[in-house]
Amino acid sequence: MLLGGPPGSCAAPSAADRYEVHVGWAGLVRGAVRSRVAARTGGACAGRGRPSAAEPRRRALPLPPHPVRPSSPWVLPERTGGQAPGLEVPGGDGAPARRRGLAGRGRPARADAPWAPGFQFEGDWRPPCPCARPIRYPWGMSVRVALVVEQMWQPVPGGSGRYIVEVASRLGAAGARALGIAAAHGRDEPSPASVGLTIPVVNSRLPRRLLYAAWDRAGAPGVDRLVAGPSGEADAVHATTWAIPPTSKPLAVTVHDVAFVRDPAHFTRHGNAYFRRALDKTRRRAGAIIVPSRATADDCVAAGLDAARITVIPHGLTHTPASADQVRAFQEAHSLTRPYILWVGTREPRKNLPTLLRAFARLAPASDLDLVLVGPAGWGEDATEEASLAEEIPAGRLHVLGRLGDADLAAAYAGARAFTFPSIWEGFGLPVLEAMAHGAPVVTSAGTCMEEVTGDAGLLVDPVDAGALAEALAAAAGTDHDRLAAAGRERASLFTWEESARAHAAVYQDLVR
């Protein structure tokens, strides 16, 4: 490894200033000491078998922008989710380091031994003087739980993504230090902060598809070394979705739903096989199973999971208030000139949009209400049926807006005359809670987890009965509006992410005892 010239100088290093650093903890310390000796004596370190300045140096390396191993006291922004607090990243372009292989052995370096002899970096980067000092990565102080957060880089993170962001950001206040685990990401992909994460993140060497496949089929690579820090290791690992990493540590798994068990026809053969293997791993390996509702807990028990290991932790509420001016601007931007019924979600079979469209087709001629659909196009075979049903709705009364930002979504909720969510089933039904917080009367499905969320603050109907749904929508937008709006706000105040994070921290504590 090469350092620059004497302190205060940015001149190129001379031969006398070259010295070798053995990669590793001891090597980092020895190298720092020898650099000071070399600076004072004008030559290389002598003694203990060290070569003189005139002798060839083996493995003389340029100082990299950042070392690679996450457990190092040096920080690699590309692999740790951004610059750590207090770190001054030295100059250079920050290009990621590349490995050449084991020196003198003619074979690639082991992927699980990045600090093995022969691990080398390319490039001619060197720091400005004075030379950079190692700083400890903040998560190395006392990490207690490592959460899989790769869901945040999915094209549609969905409700699972919201859950990850909100719980992870509050675990510290709940007494649990958190670290994120993600796949390898290119330099052009979003940073952890860009996807909403506020915890440190370490990255595997594999991209998502390869990583998930390896975890699923090969049971490797394990994450124990990845989550090891210089001041302590994670006490537990939390799989926040069905992507379950191999680990010898106590494992918690969040089961958002078991949709593939309820209705396997809505999934591909590959998807069904993947989810069932994940369910089997959860059954065999998970010491704690976290579910968002009693309905999901019952489904898990029916699927063979141990009821004694299941803890119901409802989601919290992320409330973004919207002013009257914001609501008006949103409505003008989307040409919403009439009162409207709102639906929010990813369009997929279980969301039951065909029934909603049939119900609205009955309601529209006798009302001045519009129907607004918000959310990304998901998957499934209902698109053709939905297009056909949409033709039965009077022109200009159906508005498909796609995905909205948080501010526009809040305005959509706040401006809605009523909100409907007639899903066949859900793991929790977060949009129902968000709508109640904004004072939108809710019409949702009886006999599902949404009934747990709404309590007596919403109207419950058979989700496949279009006539009953149309009548409930008319009541929610009409005679029952004010009562349901007030009851919904009061009910929503009971659900907080702070309480959810505290419950998660308690599960982790029980898990590692």
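Each chain carries its own residue numbering, running from 1 in the direction its sequence is written. With pLDDT at 70 or above as the cut-off, local features in this predicted model cover only qualifying residues; side-chain atom pairs require 80 or more to be listed or tallied, and sums for whole chains, interfaces and linings still use all residues. Side-chain numbers come from the whole structure's heavy atoms, not from hydrogens or water.

### Regarding the overall build of the protein
So, point 1. The secondary structure listing takes helices from DSSP runs of H or I that are at least 4 residues long and strands from runs of E that are at least 2 residues long, numbered from the N terminus. Assigned secondary structure in the protein consists of 16 helices and 15 strands.
So, point 2. Within the span of the protein, comprising 513 residues, buried residues form 51% of the whole.
So, point 3. Here a residue-residue contact requires only that any non-hydrogen atoms of the pair lie within 4.5 Å. In the protein, the share of contacts with a sequence separation of at least 24, taken over all contacts with a separation of at least 6, comes to 70%.
So, point 4. Within the structure as shown, the protein displays about 23,000 Å² of accessible surface, and the carbon and sulfur contribution to it stands at 52%. Partly exposed residues are those whose accessible area sits between 20% and 50% of the maximum for their type, while under 20% is buried and over 50% is exposed, using a 1.4 Å probe and protein chains only. Surface accessibility follows the Shrake-Rupley procedure with a 1.4 Å probe radius. Residue values consider only the protein chains on display as shielding.

### Side note on helix H4 (residues 208–218)
So, point 1. Listed as buried for H4 are Arg 208, Leu 211, Tyr 212, Ala 214, Trp 215 and Asp 216.
So, point 2. Looking at the buried positions of H4, the neighbouring elements they touch are strand E1 (145–148), strand E2 (178–182) and helix H6 (269–285).
So, point 3. Where H4 terminates, the next one or two residues include Gly 219, which has phi positive at roughly 65°.

### Let's talk about the nonpolar core
Most often, soluble globular proteins have nonpolar side chains that are buried together.
So, point 1. Core analysis: the largest hydrophobic core is formed by 61 residues, its most contacted members being Leu 342, Phe 419 and Leu 433.
So, point 2. The element that contributes the greatest number of residues to this core is helix H14 (residues 466–477), accounting for eight residues.
So, point 3. Ignoring sequence-local partners within four residues, the contact set of Leu 433 consists of His 315, Gly 316, Leu 317, Phe 428, Val 453, Ala 492 and Phe 495.
So, point 4. The set of buried Ala, Val, Leu, Ile, Met, Phe, Trp, Tyr and Cys residues whose side-chain atoms join them within 4.5 Å is what this entry labels a nonpolar core. Counting 35 residues, the second largest nonpolar core, distinct from the first, contains Ala 278, Leu 279, Ala 286 and Leu 305.

### Overview of the sheet that holds strand E11 (residues 370–374)
So, point 1. If you walk across this open sheet you meet the six strands as E12-E11-E10-E13-E14-E15, and the pairing is parallel. The open sheet has two edge strands with one neighbour each: strand E12 (398–402) and strand E15 (459–461). Across the sheet, the axes of successive neighbouring strands diverge by a mean angle of 20°, strand direction being ignored.
So, point 2. Across the sheet, helix H11 (residues 406–415) touches strand E10 (340–344), E11 and strand E13 (418–421), and the angle it forms with E10 is around 135°. A pair of strands is treated as paired once DSSP finds two or more bridges between them. Orientation is described by axes fitted as lines to C-alpha atoms, over the contacting stretch for helices, and by angles from 0 to 180 degrees between their N-to-C directions.

### Overview of the confidence of the model for the protein
Low pLDDT means the predicted atomic positions in that stretch should not be read closely.
So, point 1. A residue's pLDDT is the confidence the predictor assigns to it, expressed on a 0 to 100 scale. In the predicted model, the protein carries a mean pLDDT of 77, and the fraction of residues at 70 or more is 70%.
So, point 2. Counted against residues more than four places away or in other chains, residues 1–143, with its pLDDT under 50, gives 225 contacts.

### Observations concerning unusual backbone geometry
For residues besides glycine, phi is generally negative; the peptide bonds are generally trans as well.
So, point 1. Going from Ala 220 to Pro 221, the amide bond is cis rather than trans, its omega being -5°.
So, point 2. As for its placement among the helices and strands, Pro 221 is situated in the loop between H4 and strand E4 (228–229).
So, point 3. For Ser 335, which is not glycine, the phi dihedral falls at a positive 55°.
So, point 4. If you trace the backbone, Ser 335 turns up in the loop between helix H8 (324–333) and E10.
So, point 5. The residue Asn 352 is not glycine, and still its phi comes out positive at about 65°.

### Description of the pattern of salt bridges
So, point 1. Whenever Lys or Arg places a side-chain nitrogen within 4 Å of a carboxyl oxygen from Asp or Glu, that contact is recorded as a salt bridge. Applying the stated criterion across every chain, the model contains 23 salt bridges.
So, point 2. The residue Arg 144 makes a salt bridge to Asp 235 at a minimum N-O spacing of 2.2 Å. Placement of the pair is Arg 144 in the loop between helix H2 (77–80) and E1 and Asp 235 in the loop between strand E5 (232–233) and strand E6 (236–239), with a sequence separation of 91 residues.

### Re the side chain of Arg 208
So, point 1. Along the chain, Arg 208 falls in helix H4.
So, point 2. Overall, Arg 208 belongs to the buried group, its relative accessible area being 19%.
So, point 3. Polar contacts here mean pairs of N or O atoms no more than 3.5 Å apart (in protein, one a potential hydrogen donor and the other a potential acceptor; neighbouring residues in sequence count only if both atoms are side-chain atoms). A polar contact is formed between the side chain of Arg 208 and the side chain of Glu 150, at a distance of 2.9 Å.
So, point 4. Excluding anything up to four places from it in sequence, Arg 208 contacts Glu 150, Trp 153, Gln 154 and Ala 183.

### Quick look at helix H12 (residues 430–437)
So, point 1. With eight of its eight residues buried, H12 lies for the most part within the structure.
So, point 2. Residues of H12 that are buried include every one of Leu 430, Pro 431, Val 432, Leu 433, Glu 434, Ala 435, Met 436 and Ala 437, and no others.
So, point 3. Once H12 ends, the next one or two residues include Gly 439, with phi positive near 80°.

### A few points about the sheet that holds E1
So, point 1. Judged by pairing direction, the sheet is parallel, and its seven strands sit side by side in the order E3-E2-E1-E6-E7-E8-E9 without closing on themselves. If you trace the sheet from one side to the other, it starts and ends with strand E3 (201–203) and strand E9 (310–312), each paired once. Pairwise comparison of adjacent strand axes, ignoring direction, gives a mean angle of 25° for this sheet.
So, point 2. Here E6 pairs with strand E7 (residues 251–254) via three bridges, running parallel. From the neighbouring strand, Val 237 faces E7, where its bridge partner is Leu 251.

### A word on the pairing of E2
So, point 1. Within E2, five of the five residues are buried, leaving the element largely enclosed by the surrounding structure.
So, point 2. Burial along E2 is two-sided: Ala 178, Gly 180 and Ala 182 and Leu 179 and Ile 181, pointing in opposite directions, are all buried.
So, point 3. Relative to E2, E1 is paired through four bridges, and the arrangement is parallel. Looking across to E2, one finds that Leu 147 is bridged to Gly 180.
So, point 4. By convention, a crossover is right-handed whenever its connection, traced from the first strand over the helix to the second and viewed with the strands pointing away, goes clockwise. For the segment spanning E1, helix H3 (residues 158–170) and E2, crossover handedness is right-handed.
So, point 5. When E2 meets E3, the two strands line up parallel, connected through three bridges. Across the sheet, Ala 182 pairs through a bridge with Asn 203, a residue of E3.

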